[in-house]
Amino acid sequence: MYKMNTALSADAVDFIDDAKLEAMVAGLKEDPEAVRKVIAKSLRKEALSVEETAVLLGAESPELVEEIFEAARTLKRDVYGNRIVFFAPLYVGNYCTNNCKYCGFRSSLHTAVRHTLSDEELVREVEALEDLGHKRLILVYGESPKYDPEFIAHTVRKTYATKKGNGEIRRVNINAAPLDEEGFRIIKEAGIGTYQIFQETYHKKTYAEWHPANTMKGNYMWRLNAFDRAFRAGIDDMGLGVLFGLYDWRFDVLAMVTHALYLQNKFGVGPHTLSFPRIKAAEGLDLNLKYQVSDEEYKRLVAILRLAVPYTGLIMTAREPAELRREVLAFGVSQIDAGTKLEIGGYQEKRDGDEQTLNREQFKVGDTRGLDEVIGEILEGGYIPSFCTSCYRLGRTGEHFMEYAIPGFIGKFCTPNAIMTLAEYLEDYASPETKAKGEALIAAEVNKLDGKLREEVLKRLEQVRSGKRDLYF
Ligand code: SAM
Ligand code: SF4
């Protein structure tokens, strides 16, 4: 029977110097010349230092902020391409021993309806997601002895094994509590993709206010040190995150960049993704927060993160409303979810647009549209919706994950793979309107490919149309 070893790694360091970052935030001031220099560096796809990131945070005037937005759009357009990868969160269980004051799953919330999916329920949820067209899930768990590494590994295997028609899940990511090395090893063996752990806020005093000390999550260093343990256990695909609204967003942007650089320097591998959710309404939570992040600030923080960490994907969830998602997408977001249901068992039970019942869910969703509708809109915006999972399946992870680093990689692999997976989606799941839009976009995208690659893609598209699946470059 697995028992968690709660000792920190021998070389665990607290690399977040609160006083230093506080001083940087207090000293922020606008310097247009310096901002433009930093932007130029970023457009060369060079990672920014924490100090350079602070230069961007100092920009306040609308004109200079617009230059930052424009640089983020340029990076997205010219460097990362026009793909948007789709995923869905799947809540496996909401029992939780922690008491994070912002969360609808917190232990002190006695009105919360608690449930863990049985194997049969999990299979039905996965099938319901496959019926929508999803290929990539993130499984989400509360922190509880019920959800030990063996249980998590079991649910991952069950998810991969669940297939319906042409539906299958090709990549299972995880958002769960930090584990010890052995625990991470057990999960890794089940074939997970990214392991996400959000630090929530890196500001220690604020962290302590939101996460009571008598809980596991109250241990800041256990969480901060988690990716070191994960890396030692062989997990080289990590997702960092901050829950914006707990503390000054500028502090947490600097801290998240510090964390990314720390991992890069120590292990030669930076995070695969950054997440930047804003705190949303949850059962019994007063949203009148001192550090609530406005839409305008949110846009700035996404654009600045885009410029600061060139080799890292950015995830924007359906916590944000459709309007804002539309605008922020252009700043270099690489992954979004759609058709999201947070209620345990919610995919098989509810339909798009249904009202949420907060005592069953972690927080309130901002964009409640279904997957097909969001895909239709993305297509209209000229993006290629992608369900690609090929890098992970070909072992291109960690330092080998070169999507953004190798010149030409996106054109040679990512775009063709996005086209192939979109074609599968259109054949199997799309509404007639979305299918028509998708076919038009595919035709335009194929035309942009070089001769030999174009021929290969056209050949494979024919195969998809005649029923073949899972063809990737
Ligand atoms: N229980 C694990 C943990 O806390 O790390 C993993 C899952 S937790 C359900 C996933 C994330 O949801 C948390 O890390 C937190 O950032 C976010 N979250 C919690 N309450 C939220 C709220 N009211 N609004 C937005 N996001 C929230
Ligand atoms: Fe539990 Fe995670 Fe919610 Fe905290 S954020 S109460 S750890 S589910």
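What counts, and where the lines are drawn
Residues numbered from 1 in each chain as written. Chains lettered and ligands numbered in written order. Predicted model: local features only at pLDDT ≥ 70, side-chain atom pairs only at ≥ 80, totals over all residues. Heavy atoms only, no water. Helix = DSSP H or I, 4+ residues; strand = E, 2+ residues; numbered from the N terminus. Rg over C-alpha atoms; globule rule 2.2 N^0.38 Å. Buried < 20%, exposed > 50% of the residue type's maximum accessible area, 1.4 Å probe, protein only. Near = heavy atom within 4 Å. Polar contact = N/O pair within 3.5 Å; in protein donor to acceptor, adjacent residues only side chain to side chain. Areas by Shrake-Rupley, 256 points an atom, 1.4 Å probe, with all protein chains shown as cover. Nonpolar A, V, L, I, M, F, W, Y, C, P; charged D, E, K, R; others polar. Lys, Arg positive; Asp, Glu negative; His and termini not counted. Salt bridge = Lys/Arg side-chain N within 4 Å of Asp/Glu carboxyl O. Pairing = 2+ DSSP bridges. Right-handed = clockwise from strand over helix to strand, strands pointing away.

This next bit is on the overall build of the protein chain. Scanning the protein chain from terminus to terminus reveals 19 helices and 11 strands. Taken over C-alpha atoms, the radius of gyration comes to 21 Å for the protein chain, in line with the 23 Å a tight globule of 473 residues would show. With the C-alpha coordinates aligned to their principal axes, the bounding extent of the protein chain is approximately 60 × 55 × 40 Å. Within the protein chain, buried positions represent 61% of all 473 residues.

What follows deals with the site of ligand 1. The environment of ligand 1 is made up of 20 residues, and the closest members are Y102, E200, K217, R223 and Q362. Within the side chain of R319, one N or O atom sits 2.9 Å away from a nitrogen atom of ligand 1. Look at ligand 1: alone it shows 560 Å² of surface, and the protein chains cover 96% of it. When contributions to the shell around ligand 1 are tallied by element, the ones reaching two or more residues are strand 2 (136-141) and strand 6 (195-200). When grouped by side-chain class, the residues that make up the shell around ligand 1 number 11 nonpolar, three polar and six charged.

Right, let's talk about unusual backbone geometry for a bit. The backbone of K45 shows a phi angle near 65 degrees, a positive value even though the residue is not glycine. Locating K45 in the fold gives a position in the loop between helix 2 (32-43) and helix 3 (50-57). Positive phi, normally seen in glycine, also occurs at E200, with a value near 70 degrees. Residue placement: E200 occurs in strand 6. Assessed through its relative accessible area of 7%, E200 is described here as buried.

Here we come to the side chain of R106. Along the chain, R106 turns up in the loop between strand 1 (83-93) and helix 5 (119-132). Lacking a salt bridge, the buried R106 has E283 as its closest oppositely charged neighbour, with an N-O distance of 7.8 Å.

Let's shift gears to the pattern of salt bridges. Within the structure shown, the criterion is met by 44 salt bridges. R300 is the partner of E60 in a salt bridge, and the nearest nitrogen-oxygen pair spans 3.4 Å. With E60 in the loop between helix 3 and helix 4 (62-80) and R300 in helix 12 (residues 295-308), the pair connects residues that are 240 residues apart, well separated along the chain. Judged by relative accessible area, R300 falls into the buried class, the value being 10%. One continuous salt-bridge network, built from bridges that share partners, spans E323, R325, R326, D337, D367, R369 and E377.

Summarising burial for strand 1: 11 of the 11 residues are buried, a large majority. Both strand 1 and strand 2 contribute to a ladder of five bridges, which runs parallel. Counted as the bridge partner of A88 is L137 from strand 2. Each parallel crossover has a hand, and the one from strand 1 via helix 5 to strand 2 is right-handed.

Remember that the coordinates give geometry; whether it matters functionally is a separate question.
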